[in-house]
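# A closer look at the structure
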Amino acid sequence: MKRFYSTLLFLSLSFLSLAQPASSVQLYQSLQKLNVLGAVLYIAAHPDDENTRLIAYLANQKQYRTGYLSLTRGDGGQNLIGEEQGIALGMIRTQELLAARRTDGGEQFFTRAYDFGYSKTPKETFEKWDRQTILSDVVWVIRRFQPDVIIARFPTTGEGGHGHHTASAILAQEAFEAAADPSRFKEQLAFVTPWKATRLLWNTFNFGGNNTTRDDQFKVDVGGYNSLLGKSYGEIAAESRSQHKSQGFGVPASRGEAFEYFKTLAGSPPQRDLLEGVTTGWERVSGGVRIQQIIDSLIRVFDFKNPQYSLGGLLYLRDQMNQLLPNGYWRSQKLKELQALLLPLSGIYAEAFSVQPIAVQGDSVKLTVSVVNRLGVAGRLKKIRIEQKETILDTALLPNRLWTLTYTLPVSTDKPITQPYWLRTPMQEGYFSVNDQLQIGVPEDKAAIVCDLTLEVQGKPLQIELPVRYKFTDPVKGELYWPLVISPAVMVQPSDPIALALPSVSGAERGYEVSVKLSTLVPGKKVIVSGRLDSLLLDKKDQPVNANYLLPSSSKEGKVNVTVTDQAAVPFSQYRVDIRYDHIPALSYFMPASFLLRKIDLKRRGQKIGFIEGAGDKTVEALQRMGYEVVLLSEKDIISSTLQQFDAIVTGVRAYNTHEWLNRVHGSLMSYVEQGGNLIVQYNTSNQIGPVKAQIGPYPFTISRNRITDEKAAVVFTDSAHAVFNYPNKLGPADFKEWLQERSIYHAAPGATGYQYLIRMQDVDEKPDEGSLLVGRYGKGWFTYTGLALFRQLPAGVTGAYRLLANLIALNQQDKYGF
């Protein structure tokens, strides 16, 4: 029973059911797919690694059950649309992958692996991921999905470049064998059985200047046109890949012949078809011949103008599946697909929603259930169940008449708050901690509150599970649905996640002042903040109140937790983070009310900084934390005569990739430098492509793809007497400890004249590289290009990054202060 339950749960969480409503074309294709019993699993490392054209072809032309297993959620990537990094970026990219799968017809899965950033070797990757943990996840997905063919995107030999890529291929090859071995990962066998795929293939490629395709490899033309969809698979693939908006992966559509090549890694090589040797019809299952006959008949008589005429036949098919087929994978899968067809085919529309965006623990939420029988099929609403509240009915669903029920649902104090399942437990260094075996692999949680409807359609029972969503109308976008959020009553958020105890600000005699923002969703809450004796009244809903208190001067460095309690001594120690982008659903998650206290010996020179925003980072907050006055600059502000007020101008990451206008103001920026200014440019991608075609600095230099991925790599100063390392802060090895994820990315290429290359570093088994920090005099001023990962270190409170940034800002202050 555990194994059968596991299969049903996996299918319910992974199967992309038809949305309400569905077109006749979608319904017809879903009917056709009921007759196909084949499955393919594609495996790679990240969101955007997948071959969307191949997935579109397999899911829509061949109509196989097609899945993509991305080992990570892309947490360590760059973000071109905002400032989210880490787990927040992983949440965004998870939804971008789900949007891609809704577009190309595939399904999405993940392991627990955390994308910790660029890795050059699989050895480095496995040191962080824990090889056996992630291998067990790949085996788990294979055993549950039961693919006939597994396809790896990358080879085990390193041509994929990224260490994560190579690691994904190694794990795919190991899991192909391990999934079939009952002695491996025995704890999984309480829910699943061993599974042996027919073959493992590598989908060879020709991109990035690396052509791994060969004429003797098996190839498939996936560039066909689907007349039902009115699109080629190249067009569908472009729409799918363009969902990866945070990575700037919009691509043009392709039309016409397009071959994909495959090299066999295990199993028998295909000669004519990817699933050669696999039975993909109903003869695969005992009792399936009769099932295929019924489906063939339904397809033959399907009426595109009146799809509801097929409802009786589908209900009969469901009865026959339950009677004739033995319990097993394909019975469960096809029943799930059939179930997803019944409601849209009937023309019945049902939804459960709230006009409240947030349901509060210990409070209540108003819900509405609506049902409308738009095509007038014979139907009755028998029962509604939401949480523990059940309403028994026997209501006829009249033709095209809206039926609604509104009531108030209590929300228990122990109702789990909205939090992605992989973030509920503190993570390990290289992977998320997920304790529920049945959740491993699934892309996201079910809705916080669900409504179970029991209908009777043409005399047959129909169980429907509806997510309860927040429904509202935007004056521009129209009717929208967002996930309903479960929240604590009180939010507690430190005003800054990093508290720098600066010698010039915080004397030992007075301790360290910290500000905390409090808000309530239940007006009238009186709370006491840790570190204060008096209470605060939160009398207005969602209106922040600031509470200031002092940490003792004896407080140790590190994480400081903030807790408030209400009149009933209920503790609150979290705050909500909302992520809003038009191309993905609204996302919310909760963070602990804590901040990082850093005692730092920081000296600074200069006061006023101009900042040109890039693709999204938190440098502005870091500068303000250090005590600088920061002014944001746009194109209209870049005028030579007005720039001299700034002690330095700093650009955000990828600013030159993001703003083409920076090329137009190059002359003004160089004039500022020449007259004694200081321009600091954080990393950009190649300045030979995209918007970055003009010079960035006063003298030409080229941006390479070189990087140092080992965050502990030794740092050598090529000129230890240079002001960058001495003024106003004396830098040393301690300033490069505790760095996160990587040292640097997108270095300046060697050989540029007019600059000093000031830092030498190297990854294991590689040559030293000096391009991470490039500094040059121009006229009376200074120019800096740095690929050092300050954008990661500053938000993490790495004190050495602050001291280095202060020194870069002070470069043009040396003479003034007598260095």
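Small disclaimer: the values here were computed from a predicted structure and weren't measured. (Residues numbered from 1 in each chain as written. Predicted model: local features only at pLDDT ≥ 70, side-chain atom pairs only at ≥ 80, totals over all residues. Heavy atoms only, no water.)

Following the criterion strictly, the structure yields 28 aromatic pairs and no others. A centroid spacing of 4.4 Å and a plane angle of 20° characterise the contact between Phe 205 and Phe 207, whose relative ring orientation is stacked. Phe 207 gets classed as partly exposed once you look at its relative accessible area, which sits at 41%. Measuring from ring centre to ring centre gives 4.8 Å for Tyr 329 and Trp 330, while their planes differ by 85°; the resulting arrangement is edge-to-face. (Phe/Tyr/Trp six-rings, centres within 6.5 Å; stacked < 30°, edge-to-face > 60°. Buried < 20%, exposed > 50% of the residue type's maximum accessible area, 1.4 Å probe, protein only.)

On to helix 8 (residues 233-241). Of all nine residues that make up helix 8, seven are buried, and the element is covered over most of its length. Regarding helix 8, the residues found buried are Tyr 233, Gly 234, Glu 235, Ile 236, Ala 237, Ala 238 and Ser 240. Each element contacted by the buried residues of helix 8 is listed here: helix 3 (52-61), helix 4 (87-104), strand 9 (225-226) and strand 10 (231-232). (Helix = DSSP H or I, 4+ residues; strand = E, 2+ residues; numbered from the N terminus. Contact = heavy atoms within 4.5 Å.)

On to helix 10 (residues 311-324), then. Look at helix 10: 20 Å from first C-alpha to last across 14 residues, which is about the 20 Å you get at 1.5 Å a residue. When helix 10 is considered as a whole, its buried residues turn out to be Leu 311, Leu 314, Leu 315, Leu 317, Arg 318, Gln 320 and Met 321. Check the buried side of helix 10 and you find it contacts helix 2 (24-33), helix 9 (288-301), helix 11 (329-346), strand 18 (450-457) and strand 19 (460-474). (Expected span 1.5 Å × (residues − 1).)

Next up on the list: the sheet that holds strand 36 (residues 648-651). In spatial order, the strands read 35-34-36-37-42-41-39; together these seven strands make up an open sheet with mixed pairing. In this open sheet, the two strands that pair with only one neighbour each are strand 35 (629-632) and strand 39 (756-757). Across six bridges, the pairing between strand 41 (residues 773-778) and strand 42 (residues 781-786) is antiparallel. Counterpart to Leu 773 in the pairing with strand 42 is Thr 786. On the sheet, helix 16 (residues 666-674) packs against strand 36, strand 37 (678-682), strand 41 and strand 42 and is oriented at approximately 130° with respect to strand 37. (Pairing = 2+ DSSP bridges. Axes fitted to C-alpha atoms, helices over the stretch in contact; angles between N-to-C directions.)

Turning to the packing of helix 4 against helix 8, a few remarks are in order. Look at helix 4 against helix 8: their axes get within 8 Å of each other, and the N-to-C directions meet at 165°. As summarised for this structure, helix 4 and helix 8 are arranged roughly antiparallel, according to the angle between their axes. Like other packed secondary-structure pairs, helix 4 and helix 8 cross with a definite hand, here right-handed. Only Ile 236, Glu 239 and Ser 240 of helix 8 make contact with helix 4, whose side of the interface consists of Ala 100, Arg 101, Thr 103 and Asp 104. Split into classes, the residues belonging to the contact of helix 4 with helix 8 amount to two nonpolar, two polar and three charged. (Parallel < 35°, antiparallel > 145°, perpendicular 65-115°, else oblique. Left-handed = near helix turned anticlockwise from the far one by under 90°. Nonpolar A, V, L, I, M, F, W, Y, C, P; charged D, E, K, R; others polar.)

Neither face of strand 4 (residues 149-152) is open: one carries Val 149 and Ile 151, the other Ile 150 and Ala 152, and all of them are buried. Pairing geometry for strand 4 and strand 5 (residues 199-204), over four bridges, is parallel. Looking across to strand 5, one finds that Ala 152 is bridged to Trp 202. Handedness of the crossover joining strand 4 and strand 5 through helix 7 (residues 163-178): right-handed. (Right-handed = clockwise from strand over helix to strand, strands pointing away.)

This part is about the pairing of strand 33 (residues 594-599). The side chains of a regular strand alternate between the sheet's two faces. Most of strand 33 is tucked away: five of the six residues are buried. Inspection of the sheet shows strand 28 (residues 558-561) paired to strand 33 by four bridges, in the antiparallel sense. Considered in strand 33, the bridge of Gly 558 is made with Leu 597.

Overall, antiparallel pairing links the four strands, which are arranged 26-25-29-30 in an open sheet. Only two strands of the sheet have a single partner each, and these edge strands are strand 26 (535-538) and strand 30 (571-572). Both strand 25 (residues 525-529) and strand 29 (residues 564-565) contribute to a ladder of two bridges, which runs antiparallel. Across the sheet, Ile 528 pairs through a bridge with Thr 565, a residue of strand 29.

In this structure, Leu 314, Leu 317, Leu 381, Ile 384, Ile 386, Cys 451 and Leu 453 are the most contacted members of the largest nonpolar core, which totals 112 residues. Filtering out sequence-adjacent residues up to four positions away, Ile 384 remains in contact with Val 369, Lys 389, Glu 390, Thr 391, Leu 393, Trp 403, Leu 405, Tyr 407, Cys 451, Asp 452 and Leu 453. Judged by nonpolar contacts, the second largest core, of 45 residues, contains Leu 502, Val 650, Trp 739 and Met 761. (Core = buried A, V, L, I, M, F, W, Y, C linked by side-chain atoms within 4.5 Å.)

A word on the pattern of salt bridges. All chains considered together, the criterion is met by 41 salt bridges. Ionic pairing is found between Glu 174 and Arg 131, a salt bridge with its closest N-O pair at 2.3 Å. Here the residue Glu 174 occupies a position in helix 7, and Arg 131 occupies one in helix 6 (residues 131-145), the gap between them amounting to 43 residues. With relative accessibility at 33%, the residue Arg 131 sits in the partly exposed group. For Asp 735, the salt bridge is made with Arg 803, and the minimal N-O distance between the two is 2.6 Å. Placement of the pair is Asp 735 in the loop between strand 38 (716-717) and strand 39 and Arg 803 in helix 18 (residues 799-809), with a sequence separation of 68 residues. For the pair shown, Asp 735 and Arg 803 are each scored as buried. Here the salt bridges do not stand alone but share partners, grouping Glu 50, Arg 101 and Asp 104 into one network. (Salt bridge = Lys/Arg side-chain N within 4 Å of Asp/Glu carboxyl O.)

On to the packing of helix 5 (residues 122-129) against helix 7, then. Contact pair helix 5 / helix 7: the axes reach a minimum separation of 8 Å and the direction vectors enclose 75°. The angle between the axes of helix 5 and helix 7 places the two elements in the roughly perpendicular class. Residues Pro 122, Thr 125, Phe 126 and Trp 129 of helix 5 pack against Gly 163, His 164, Thr 166, Ala 167, Ile 170 and Leu 171 of helix 7. Of the residues that constitute the contact of helix 5 with helix 7, the class distribution is six nonpolar, four polar and no charged.

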